[in-house]
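Descriptive structure summary
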Amino acid sequence: TANHQLSSSSPYSDGCRPCVARRRRRKRKRSNADPRHSLAIAMSNWHSTVSLVCAVLILSACAFVSHAADSRVQQQRQHSRQNARAADLLPGNHTRNAAVLVSSSRYWHNYRHVTNVLSLYNLLKTGGQFTDDNIILMIADDIPCDGRNPHKNAIYPEYARTGAGNSVYNADVEVDYRGTDVTVENFLRVLVGRHEKGETPSRMLDLTPDTNLVVFLTGHGGDSFFKFQDGEELMTQDITDAFQQMHRIGRYNEMLFIADTCQAFTLNPTEFKVLSDITALPNVMTVASSLQGQNSYAHHSDPEIGQSVVDRYTYNFVENLKNLAMRQPDSQVDMSSALWRSMEQTSVKTAWVDALPRKKLGADVGWTDKGCSRPMKDIPLCDFLCDKEQQDFAASPSGSAVLNSNCDDSASSSSCVVDSDALQSIVSTMR
């Protein structure tokens, strides 16, 4: 019609606007219906997708290789720093090691206290190569066979439900004092070596002036007292008196006293209110999981066991050492040797104090090395948690000790100095 006619100069000279739009839509539909055209579009999209995936994979591979290289470099640097720190530590002149490990609690709800002491017990035997002859273990021993324990004859610090965890209680655990034998009297008798007539030799410790001793207490406590099975209390003054007797009769060279309980540092035996003269109790260093007025907290619970299974202080200490050991070059081959070397390269203060901040524990670590001839920051952890007799035996080609002491028979233990050349030879051999 005349109304649809457009001038030749109009962009729609071939028809009205609606007609042009309809023709364009029909043309587009015919084009889309063409199989060759659809296939070309599909192939183009597929190639674009494949190219994108390949690019992502290549970038991911490059990032992984770069991260692995950075990890190796970081691990090497960490190992170098550990060796550098180890060079600054001062191995002691002791010839023997021993440990007294006590969990003073009983009953199912104190599951975590038994885990604490057995975790340290296993570390001493696995990483420190201790034998049961050099360990006194005091636990109630009622948890493994408790009717509420879903894993009979086993105690798990973690992963009990998944089956991926390792029980710290097994056939190799040798309990010296169990049940109602875990008393204040028996604990003090073990320390001072004054046993009743006819006592079993395996429940005694042969301590000498050359022995480095670890004393570990875990359980319930308060301001200046530590409970034994809810029936009696060990007071700070009792600990101080026992340690003084040990010093007078030559029952230790150096002593590391560890307390994992509430208000733990109030058990410090060198505190001025219980010991006015520090020279009466030399070379006793104390570390504790909490200060006066602070609690010591559990780390985590297990839904299957239904209890808190380990405390934060002991758990983090053991895990930190395991993590250090995993960075050793041969940790996948020999974890025991890796743990040993990690303890050689870590100071007592680093392991028990500096690596356990308040944000991990919920409390402040108490510590003191007052009256000690060596500061804790310069003492290798191995001086207390590695059996020196096993170290000497392993380092000697004939299986006997090779350290030569610059002491004569009349010299006191505090004045003896180990031959540094022989010591360096042993350390090099162990590494």
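What counts, and where the lines are drawn
Residues numbered from 1 in each chain as written. Predicted model: local features only at pLDDT ≥ 70, side-chain atom pairs only at ≥ 80, totals over all residues. Heavy atoms only, no water. Helix = DSSP H or I, 4+ residues; strand = E, 2+ residues; numbered from the N terminus. Buried < 20%, exposed > 50% of the residue type's maximum accessible area, 1.4 Å probe, protein only. Contact = heavy atoms within 4.5 Å. Salt bridge = Lys/Arg side-chain N within 4 Å of Asp/Glu carboxyl O. Phe/Tyr/Trp six-rings, centres within 6.5 Å; stacked < 30°, edge-to-face > 60°. Axes fitted to C-alpha atoms, helices over the stretch in contact; angles between N-to-C directions. Parallel < 35°, antiparallel > 145°, perpendicular 65-115°, else oblique. Pairing = 2+ DSSP bridges. pLDDT = per-residue confidence, 0-100. Core = buried A, V, L, I, M, F, W, Y, C linked by side-chain atoms within 4.5 Å.

Points about the side chain of Ser103
By secondary structure assignment, the location of Ser103 is in strand E1 (residues 96–103). What makes Ser103 buried here is its relative accessible area of 0%. Excluding residues that lie within four positions of it along the chain, Ser103 makes contacts with His113, Val114, Val117, Met138, Ile139, Ala140, Val182 and Thr218.

Points about the pattern of salt bridges
Overall, the coordinates contain 15 salt bridges when judged by the stated rule. Between Asp383 and Arg374 there is a salt bridge whose closest N-O contact spans 2.9 Å. Across the salt bridge formed by Lys377 and Asp378, the nearest N and O atoms sit 3.4 Å from each other. For Asp378, a relative accessible area of 17% gives the class buried. Linked by salt bridges that have partners in common, Asp181, Glu199 and Arg203 make up one network.

Quick look at the packing of aromatic side chains
Counted according to the given criterion, the structure contains 6 aromatic pairs. With 3.6 Å between their ring centres and 10 degrees between their planes, Phe317 and Trp352 make a pair best called stacked. Residue Phe317 is located in helix H6 (residues 312–326), and its partner Trp352 is located in helix H8 (residues 348–354); the two are separated by 35 residues in the primary sequence. Look at Trp352 and you get buried, because its relative accessible area is 0%. What links up through ring pairs into an aromatic cluster is the set Phe187, Phe226 and Phe228.

Describing the packing of H6 against helix H7 (residues 335–344)
Closest axis-to-axis distance for the H6/H7 pair is 8 Å, and the angle between their directions is 110 degrees. Judged on the interaxial angle alone, H7 and H6 are roughly perpendicular. When H6 is examined against H7, the residues Leu321, Lys322, Leu324, Ala325 and Met326 are found in contact with a partner set consisting of Met335, Ala338, Leu339, Ser342 and Met343.

Some thoughts on the sheet that holds strand E5 (residues 221–222)
The sheet built from 3 strands is open, its strands ordered E5-E6-E7 with antiparallel pairing. The strands lining the two open edges of the sheet, one partner per strand, are E5 and strand E7 (232–235). Sheet topology places E5 next to strand E6 (residues 225–228); 2 bridges connect them, and they run antiparallel. Within the sheet, the bridge partner assigned to Gly222 lies in E6 and is Phe225. Taken strand by strand, helix H4 (residues 184–192) contacts E6 and E7, and its axis lies near 35 degrees from that of E7.

Re the environment of Tyr177
Topologically, Tyr177 is positioned in strand E3 (residues 177–178). Put simply, Tyr177 and Ile136 are 41 residues apart on the chain and 7.9 Å apart in space, counted from C-alpha to C-alpha. Excluding residues within four positions of it along the chain, Tyr177 makes contact with Ile136, Leu137, Met138, Ile139, Val182, Asn186, Val190, His195, Glu199 and Arg203.

Here we look at the confidence of the model for the chain
A residue-level look at the chain finds 75% of positions with pLDDT of 70 or above and a mean pLDDT of 83. This model gives residues 4–8 a pLDDT under 50, and the stretch forms 7 contacts once residues within four places in sequence are excluded. Scored below 50 in pLDDT, residues 397–431 makes 44 contacts in the model with residues more than four places away or belonging to other chains.

Some points on the sheet that holds E3
Pairing is mixed in the open sheet, where 7 strands are placed in the order E3-E2-E1-E4-E8-E9-E12. A single partner strand is all that each edge strand has here, and the edge strands are E3 and strand E12 (366–368). Judged from the 4 bridges that link them, E1 and strand E2 (residues 135–139) form a sheet pairing that is parallel. Along E2, the bridge assignment pairs Ala99 with Ile135. Along the sheet, H4 contacts E1, E2, E3 and strand E4 (211–218); its crossing angle with E1, the most-contacted strand, is approximately 175 degrees. In the packing of H6 onto the sheet, contacts are made with E4, strand E8 (254–260) and strand E9 (284–288), and the angle to E8 comes to roughly 125 degrees.

Focus on unusual backbone geometry
The phi dihedral of Asp230 falls on the positive side, at around 60 degrees, and the residue is not glycine. Tracing the backbone through its elements, the reader meets Asp230 in the loop between E6 and E7. Even without a glycine there, the phi angle at Asn283 is positive, about 60 degrees. Position of Asn283 among the secondary structure elements: in the loop between E8 and E9. Note on Asn283: relative accessible area 12%, which makes it buried.

With respect to the pairing of E8
Of all 7 residues that make up E8, 7 are buried, and the element is covered over most of its length. Of the two faces of E8, the one holding Glu254, Leu256, Ile258 and Asp260 and the one holding Met255, Phe257 and Ala259 are both buried throughout.

Quick notes on the nonpolar core
One finds Leu101, Leu118, Leu137, Phe317, Trp352, Leu381 and Leu385 to be the most contacted residues of the largest nonpolar core, which totals 59 residues. At 8 residues, the largest contribution of residues to this core is made by helix H3 (residues 111–126). Leave out the neighbours within four places in its chain, and Leu137 touches Leu101, Val117, Leu118, Tyr121, Val173, Glu174, Val175, Asp176 and Tyr177.

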